[in-house]
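Each chain, written out:
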Amino acid sequence: MLDTLYSQIGLLPMVLVGIFAFTKGDEPERLAMGAYLLGWMAGLLLQDDQGLYSNWQPGMFALDVVMLLVLGGLAWKFHRNWPIWAASLQLIIVMSHIVTLFDLRPGMS
């Protein structure tokens, strides 16, 4: 996942936001950032780049569902606005996995 320049450049803001969340954030921010960083590291291990747009990745789907549950739990427990928005955007990611699984387009002949 860190084999391209744009992914390496994208790592810098993520680390900076993580440092900021752990130093200045309250409990929900630290929990969400910890889950995000653990999920990012697990995603490095689970991502399969061999099947180019053709296969469904159940490991990444499970990882995204777990992140959705974490963000949903944060939205349920802490009364803040950002976990609701983060969980809704994560739900779009989970739904995109499901749409990829049920791809009903006809094959190219």
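Residues numbered from 1 in each chain as written. Predicted model: local features only at pLDDT ≥ 70, side-chain atom pairs only at ≥ 80, totals over all residues. Heavy atoms only, no water.

Visitor: Explain the side chain of Glu29 residue by residue, including any values.
Guide: Position of Glu29 among the secondary structure elements: in helix α2 (residues 27-46). Excluding its chain neighbours within four sequence positions, the residues that come into contact with Glu29 are Ala21, Arg80 and Trp82. (Helix = DSSP H or I, 4+ residues; strand = E, 2+ residues; numbered from the N terminus. Contact = heavy atoms within 4.5 Å.)

Visitor: Would you mind going over a nonpolar patch on the surface in detail, with residue names and values included?
Guide: On the surface, a cluster of nonpolar side chains totalling about 370 Å² of accessible area is made up of Leu12, Val15, Leu16 and Ile19. Among the secondary structure elements, Leu12 is positioned in helix α1 (residues 5-24). What makes Leu12 exposed here is its relative accessible area of 55%. (Patch = residues over 30% accessible without salt bridge, like charges linked within 9 Å, V, L, I, M, F, W, Y side chains within 5 Å. Areas by Shrake-Rupley, 256 points an atom, 1.4 Å probe, with all protein chains shown as cover. Salt bridge = Lys/Arg side-chain N within 4 Å of Asp/Glu carboxyl O. Buried < 20%, exposed > 50% of the residue type's maximum accessible area, 1.4 Å probe, protein only.)

Visitor: Tell me what's going on with α2, and back it up with residues and numbers.
Guide: Three or four residues apart is the spacing at which side chains of an α-helix point the same way, because the helix has 3.6 residues per turn. The terminal C-alpha atoms of α2, which comprises 20 residues, lie 28 Å apart, in line with the 28 Å expected from a rise of 1.5 Å per residue. Where α2 is buried, its residues meet α1, α3 (58-77) and α4 (82-101). (Expected span 1.5 Å × (residues − 1).)

Visitor: So what about the pattern of salt bridges? Which residues, and what values?
Guide: Under the defined criterion, the tally for this structure stands at two salt bridges. Put simply, Arg80 and Asp26 hold a salt bridge, and the shortest N to O gap is 3.1 Å. Of this pair, Arg80 sits in the loop between α3 and α4 while Asp26 sits in the loop between α1 and α2, and the two are 54 residues apart along the sequence. A salt bridge links Arg80 to Glu29, with the shortest nitrogen-to-oxygen separation between them at 2.6 Å. Taken together, the residues Arg80 in the loop between α3 and α4 and Glu29 in helix α2 connect sequence positions 51 residues apart. Classification of Arg80 by relative accessible area gives partly exposed; the value is 29%. Taken together, the shared-partner salt bridges connect Asp26, Glu29 and Arg80 into one network.

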